[in-house]
Amino acid sequence: MTLETGTTSKTAPREGPRNSTATAGTPLLSVRDLSVHFPIKRGFIVQREVARVRAVDGISFDIHPGETLGLVGESGSGKTTAAKAIIQLRKADSGSIMFEGQELIGLSNSELRPIRRKMGMVFQDPYGSLNPRMRAGDIVGEPLKVHGLAESGDDYRSQVSGLLTTVGLSPGMAERYPNEFSGGQRQRLGVARAIAAKPSLLVLDEAVSALDVSIQAQILNLLQDLQDQYNLAYLFIAHDLSVVRHISDRVTVMYLGRIVETADSKDLYDNPLHPYTQALLSAIPTPNPIHERSRDRIILKGDLPSPMDPPTGCHFHTRCPIAAEVCSLTDPELRRLAPNQAAACLLATGYDAAPSSRS
Amino acid sequence: MTAGSTTKSTPLLQVRNLRTSFNTPDGKITAVSDVTFDIHHGETLGLVGESGCGKSVTALSIVQLVPNPPGVIEHGEVLFEGTDLLKLSNREMQAVRGAGIGMIFQEPMSSLNPVLSIGRQITEPLEVHLELNKAAALDRAAELLNMVGIADSKHRLDDYPYQLSGGQRQRVMIAIALSCEPKLLIADEATTALDVTIQAQILELMKNLTAQLGTALLIITHNLGIIARYADRLNVMYAGKIRESGTAEQVYLNPAHPYTIGLLNSVPRLDRPLTRRLDPIPGEIPDPSDLPTGCAFRPRCRWATAQCETSEPPLEEFGDRNRGPAAQQTGIPPRVACFEADTVAASAETART
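Residues numbered from 1 in each chain as written. Chains lettered and ligands numbered in written order. Predicted model: local features only at pLDDT ≥ 70, side-chain atom pairs only at ≥ 80, totals over all residues.

Remarks on the overall build of chain A
Then, number 1: Looking only at helices and strands, chain A has 10 helices and 12 strands in total.
Then, number 2: Its C-alpha radius of gyration of 21 Å places chain A within 12% of the 21 Å reference for a compact globule of 359 residues.
Then, number 3: Counting the 359 residues in chain A, one finds 46% classified as buried.
Then, number 4: For chain A, the proportion of contacts with a sequence separation of at least 24, taken over those separated by at least 6, is 64%. (Helix = DSSP H or I, 4+ residues; strand = E, 2+ residues; numbered from the N terminus. Rg over C-alpha atoms; globule rule 2.2 N^0.38 Å. Buried ≥ 20, exposed ≤ 12 C-beta atoms within 10 Å, placed from the backbone. Contact = placed C-beta atoms within 7 Å.)

With respect to the sheet that holds strand E1 (residues 29-42) of chain A
Residue and element names in this part refer to chain A.
Then, number 1: Strand order in the open sheet made by the 4 strands is E2-E1-E4-E5, with antiparallel pairing throughout. The open sheet has two free edges, formed respectively by strand E2 (48-63) and strand E5 (102-103), since each of these has just one partner strand.
Then, number 2: With 5 bridges connecting them, E1 and strand E4 (residues 94-99) associate as antiparallel partners. Across the sheet, residue Val-31 finds its bridge partner in E4, namely Ile-97.
Then, number 3: With respect to the sheet, helix H1 (residues 79-86) is in contact with E1, E2 and E4, its orientation differing from that of E1 by roughly 115°. (Pairing = 2+ DSSP bridges. Axes fitted to C-alpha atoms, helices over the stretch in contact; angles between N-to-C directions.)

Brief notes about the sheet that holds strand E5 (residues 83-84) of chain B
Residue and element names in this part refer to chain B.
Then, number 1: Here we have 4 strands laid out as an open sheet, ordered E2-E1-E4-E5, and antiparallel in their pairing. Looking along the sheet, the strands with just one partner apiece sit at the ends: strand E2 (27-39) and E5.
Then, number 2: Examined bridge by bridge, strand E1 (residues 13-24) and strand E4 (residues 71-80) share 8 bridges and lie antiparallel to one another. Residue pairing across strands places Phe-22 opposite Gly-71, the latter belonging to E4.

A look at the nonpolar core
Then, number 1: Leu235(A), Phe236(A), Ile186(B), Ala187(B), Leu218(B) and Ile227(B) are the most contacted members of the largest nonpolar core, which totals 195 residues.
Then, number 2: Per element, the largest residue contribution to this core is 8 residues, and it comes from helix H6 (residues 213-230) of chain A.
Then, number 3: Here Leu218(B) is in contact with Ile39(B), Leu45(B), Leu47(B), Ala59(B), Leu184(B), Ile186(B) and Ala187(B), once residues within four sequence places are set aside. (Core = buried A, V, L, I, M, F, W, Y, C linked by C-beta atoms within 7 Å.)

So, the pairing of strand E6 (residues 101-104) of chain B
Residue and element names in this part refer to chain B.
Then, number 1: Covered by surrounding structure in E6 are Ile-101 and Met-103 together with Gly-102 and Ile-104, the residues of both alternating faces.
Then, number 2: Pairing of E6 with strand E7 (residues 184-188) involves 4 bridges; the strand directions are parallel. What sits directly across from Ile-104, in E7, is Ala-187.

Just distances and angles here, no functional claims.
See the structure below:
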């Protein structure tokens, strides 16, 4: 069984990631001041709210057609919660989510239905996210049925075959059950299902994190091929910064519910401005012994604070190697510090003079 | 930290022709086959490979924790300071675990007992192996917690595992594993479940403590970067066997096995300019109950020949390449299990230049 992913691409591979000029024009998705809070309730019979976890605390970003935005953060950073709010799997508390020119917040379920078709999602766990009692063909074809996209039984079957081929599986595998597939093949099924209804945006939540590296590379190549072929936009959520750099045009870094830095991929990796981004990049060992032994790592002190009780001022100040007194008192805002780069750090060079990134 | 002078003496641990199998309803599955390697005093050895390659079963076999049934160590020797651990009774083996060999696993929550305070869990090995009395053990436990970077350690002894974060739990595991000053510490995916910044903390802590105490370290992971940073030497495993071994410089900079090259090309690299496409290994990891004949990597290998299908390449010394200063220091030659190693190494070299 050979599963070379390269065969699915009709277009020639691009040279390097696209540059930031691709971000001009109307965004496909525009998120503004999005907040998602979880109430913490106490009480046995009458439950009352005693506190709130600000899982996502006023984040804003855009994704343009055909573009990949990497969303990076550690546990509790709110990246998955933000993604769920965007694809309407969780209610947002405030803010705005504009998708293809339409405000999603406040829409009813029936109004959302045609929009859901345009947004696909691939999850981390290819074992847990596929129904073990459904055949592969039905798993992949279900969105076609739900949204009424197949004209006849023959059309349905041929679309399913086409989808399986597109993700590097053979159409004959449609009759099999998920347990007959390997981890990498299951993730291919997950991708086929996510693109079945021809979405314009795919949310990929740690979609390659659980895979072995040799398989992970196959899936990353597949995702890039599909993006070229269908002009898909990706919201690529991951904790692995080397994978994020590889696939993303722009990258947003979250810490405890807030965005601390957002930039073109190249700028973020070449010249990270926020101390948290710098620490994250420094924490990743690269497969190069000479490089590794010659560099010092920034080792952050302490644990991630609980999102239930985040530090005052800059959320990062308790672990920040350069924090000053002001950092515990003042909330930094995300400010544009370079043409394609914004960071929320009071001590970043040029912060005081810089405009807010929202303007 | 290459243990230059000590390597000439007897290795701390010698694994010889280890073969471990599991009896399943579908027949016997050999998880580890013909694995031979040494760990010297004070050195850090990496064991790297993807799921099912046998790296964890190798570690469990060393400390005799392979669940039996269904697991059986079919043959081989595990010589720890000259004693074959495979010949020891359960009781004798218990003395080795903890006092001679410490272990840390991936899931600190399931490795710690949820209903015992962490103080109790750290003092237990001290009382059993070092025969300290309760008060002395508690003092030592507080010292150990301090050593692994848990502040206010005297009060934290009364905490239960659920009160600690993932990183702190792994610190407690390290304190327990090092409590009796073992000569070897085995860390099996010990930082895999942790966040990146916490992972860096724990790895640096492990490296510093083992260097301080002169403990040898066996790091088992799928993460090529961790091995590159922390291991003096490494073994690359695939489908139950070691396919390539050498110093980190040899294996990463001059790989000679097609699988090693495939692994290195599969990962996006922060230390290199961005490439648009990765060069993955084609195909899937083989089912261990149905391994290909000859070399198990053959179906995914672009250099495979007819010979690879009929016979199994042995792990042999591979001297025909730049050994680098580290290799001369250890005096341990790199080894590769590939008939085409010369061609493979040469073409990998031209690809880089």
